[in-house]
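A look at the structure
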Amino acid sequence: MKTKYVSVLDFGSSKISVMIAESGINNTFNILGTGDTEYAGFINGNFVEPEKLYETIANCVVKAETNSGLKIEKLHIGVPAEFTFVDCKNSSIAFNKKIKITNENVADLFDLASREVKHDGSTIISRSPIYFILDDSRKVIDPKGEVSTRLSGLVSFVLADNNFIETIDNIIKNMGLREVEYVSSSLAESLYLLDPQVRDTGAILVDVGYLTSFVALVKGDGLISLNQFSVGGGHISADLCQILQISFKEAESLKRKVVLSLAATDTDFYEVNIGGNVTPVSAQLTNQIVSARLDMIVDLINRCLIKMKGNNYMPIFITGGGICLLKGGKDYISKGIGENVEVLSGNVPQLSKPTFSSVLGLLDLALREKKNQKRTFFQKIKSWFKK
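Residues numbered from 1 in each chain as written. Predicted model: local features only at pLDDT ≥ 70, side-chain atom pairs only at ≥ 80, totals over all residues. Heavy atoms only, no water.

1. Observations regarding the overall build of the protein chain
The secondary structure content of the protein chain amounts to ten helices and 18 strands. Taking 21 Å as the expected radius of gyration for a compact globule of 387 residues, we find that the protein chain reaches 23 Å, a close match to that expectation. Taking the principal axes of the C-alpha coordinates as reference, the protein chain spans close to 80 × 50 × 40 Å. Burial analysis of the protein chain (387 residues in total) assigns 50% to the buried set. (Helix = DSSP H or I, 4+ residues; strand = E, 2+ residues; numbered from the N terminus. Rg over C-alpha atoms; globule rule 2.2 N^0.38 Å. Buried < 20%, exposed > 50% of the residue type's maximum accessible area, 1.4 Å probe, protein only.)

Pasting the structure below:
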């Protein structure tokens, strides 16, 4: 008997999470079990402490299985933006006569486009349509059922670094898990957070994490481009720690008290527990330190935006725990970019924070895949009875 639940593994930049869930009502999730563990993360496309990955992942899996009372049979593994890149290819396929387009025709188009993708040191982990074009030059998002003598389209491929896949494959194999599937965390998050109507005309999703961030240009059901940089909210804490000569834990506590909209003066202070004592810290200096790091992040985002959209207008959305949880962070980014930015997060009770956008995106993708497999199975049964 096939299970109704799915299991995902998310590599955040400060913790690894495993989540087991099934479909809930109104397109929500019923979370059955979770397991997460903090780790050193990754930077510039490399894990900081690769020797500790096995223990961390195994710990998360055991926690999730124990909390849910379920066994993980297949694990959907999200590949972070730092280990992936996007390649888009135009492709076209002609038919001898007008036909009604089927899923098989679309798959043939994808196969044709994939031949043009260079795989040097990488593996294709997803292929998604940006748009399709019929013989009358009409652009459509879903060509299934349309009648045409030709099917063309722009196909987006996400490729993952083979070193990442080999590293995780060895860990999963030693853990005895039977089946895994690698998916793009950036793509899953984009499809989950952005409404189809927004994606159809194109949108930008910015995810500022703890140590790393990405900027994605999303259109249709795929990514047109993806840029990433190794700076995030954790660097703000590091700056506070270094300049104010406090511990990293104390810096994290101070960061949560920061109000960027405050026009701080010499008489304004944040109260923080330092060395066991409640200590006043200059709000003016603290805000200056935070603003300096945010200016760097804004500059990096702007560089990505110029490459992606030029002078074309596209709505910009932001998620992730690096900035969104900072009081006044969203407004600071909006001012620096020169456009209004909207914060996005999932709609799952108790997980409706930007911090959980990535893992919820993976759950959404895994559950939709499971639903499509079930639908395909019943279609085959129906076809068999017709015959």
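There is more to say after this.
2. Digging into the pairing of strand β3 (residues 29-38)
Pairing of strand β2 (residues 15-23) with β3 involves nine bridges; the strand directions are antiparallel. Within β3, the residue paired with S17 across the bridge is D36. Hairpin remark: β2 followed by β3, antiparallel, with five residues in the connecting loop; positive phi at N26, about 55°. (Pairing = 2+ DSSP bridges.)

3. Notes on the environment of S13
With respect to the helices and strands, the residue S13 is situated in the loop between β1 (6-11) and β2. Residue class for S13 comes out buried when judged on its relative accessible area of 9%. Taking the C-alpha atoms as reference, S13 lies 47 Å from D136; in sequence the two are 123 residues apart. Every residue in contact with S13, bar those within four places of it in the chain, is listed here: Y39, A40, G41, F42, G209, Y210, L211 and T212. Among the polar contacts listed, one links the side chain of S13 to the backbone nitrogen of L211, at a separation of 3.0 Å. (Contact = heavy atoms within 4.5 Å. Polar contact = N/O pair within 3.5 Å; in protein donor to acceptor, adjacent residues only side chain to side chain.)

4. Details of helix α3 (residues 162-175)
Taking 1.5 Å per residue as the helical rise, α3 with its 14 residues ought to reach 20 Å, and the 20 Å between its terminal C-alpha atoms agrees with that figure. Among the residues of α3, F164, I165, I168, I171 and I172 are the ones counted as buried. The arc that holds every buried residue of α3, seen down its axis, measures 135°, which confines them to one face. Turned more than 90 degrees from where α3 packs its buried face, N163, K173 and N174 sit exposed. Looking one or two places after α3, you find G176, whose phi comes out positive at around 85°. (Expected span 1.5 Å × (residues − 1). Arc of directions from axis to C-beta.)

5. Quick word on the nonpolar core
Ranked by internal contacts, the top residues of the largest apolar core, which has 61 residues, are F11, F164, I168 and L360. With six residues, helix α10 (residues 357-386) is the largest single contributor of residues to this core. Contact partners of L360, with chain neighbours within four places excluded, come to F29, Y192, G346, V348 and L351. By size, the runner-up hydrophobic cluster in this structure holds 38 residues, among which are V298, C304, C324 and L326. (Core = buried A, V, L, I, M, F, W, Y, C linked by side-chain atoms within 4.5 Å.)

6. Some remarks on the packing of aromatic side chains
Within this structure, the stated rule accounts for ten aromatic pairs. For the pair F110 and F132, a centre-to-centre distance of 6.4 Å together with 15° between the ring planes defines the contact as stacked. Pair noted here: F110 is in helix α2 (residues 103-114) and F132 is in strand β8 (residues 122-134), with a separation of 22 residues, a long-range link. Lying over the aromatic face of Y131, K139 brings its terminal NZ or CZ to 4.1 Å of the ring centre. (Phe/Tyr/Trp six-rings, centres within 6.5 Å; stacked < 30°, edge-to-face > 60°. Lys NZ or Arg CZ within 6 Å of the ring centre and 35° of its normal.)

7. Observations regarding the sheet that holds strand β17 (residues 316-319)
Read across the sheet, five strands follow the order β14-β13-β12-β17-β18 without closing on themselves; strand pairing throughout is mixed. The open sheet has two edge strands, β14 (222-229) and β18 (341-343), and neither has a second partner. If you compare each strand with its neighbour and ignore which way they point, the axes differ by 25° on average. Pairing between strand β12 (residues 203-208) and β17: four bridges, direction parallel. Following the sheet pairing, L205 is matched in β17 by F317. Packed onto the sheet, helix α4 (residues 185-193) meets β12, β13 (213-219), β14 and β17 and runs at close to 120° relative to β14. (Axes fitted to C-alpha atoms, helices over the stretch in contact; angles between N-to-C directions.)

8. What about α4?
Counting buried residues in α4 gives nine out of nine residues, a clear majority hidden from the surface. Within α4, the full set of buried residues consists of S185, S186, L187, A188, E189, S190, L191, Y192 and L193.

9. Some remarks on the environment of L134
Relative to the assigned elements, L134 resides in strand β8. In this structure, the C-alpha to C-alpha distance between L134 and L240, residues 106 residues apart in sequence, is 56 Å. Not counting residues up to four positions away in its chain, the partners in contact with L134 are V140, P143, E146, S148, R150 and L151.

10. With respect to the layout of surface pockets
If a probe the size of a water molecule is rolled over the atoms, the empty space left behind becomes visible. Roughly 1,200 Å³ of internal volume is contained in the second largest pocket. Along the walls of the second largest pocket sit 48 residues, with S13, S14, Y210, G321 and T355 positioned nearest its centre. A per-class count over the lining of the second largest pocket returns 18 nonpolar, 20 polar and ten charged. (1 Å grid on protein atoms, 1.4 Å probe; cavity = no way out; pocket = protein on both sides within 12 Å on 5 of 7 lines; lining within 4 Å. Points joined across faces, edges and corners; volume = space filled by probe spheres on them. Nonpolar A, V, L, I, M, F, W, Y, C, P; charged D, E, K, R; others polar.)

11. Quick look at the packing of helix α6 (residues 233-244) against helix α7 (residues 248-257)
Put simply, α6 and α7 touch, their axes get as near as 8 Å, and they point 115° apart. The way α6 lies across α7 gives a crossing that is right-handed. Touching G233, G234, I236, S237, A238, L240, C241 and L244 of α6 are F248, A251, E252, L254 and K255, all from α7. Of the residues assigned to the contact of α6 with α7, the class counts are eight nonpolar, three polar and two charged. (Left-handed = near helix turned anticlockwise from the far one by under 90°.)

12. Observations concerning the side chain of S334
Mapped onto the secondary structure, S334 falls in helix α9 (residues 329-337). There is a polar contact of 3.1 Å between the side chain of S334 and the backbone nitrogen of V341. Residues in contact with S334, not counting those within four places in the same chain, are E339, N340 and V341.

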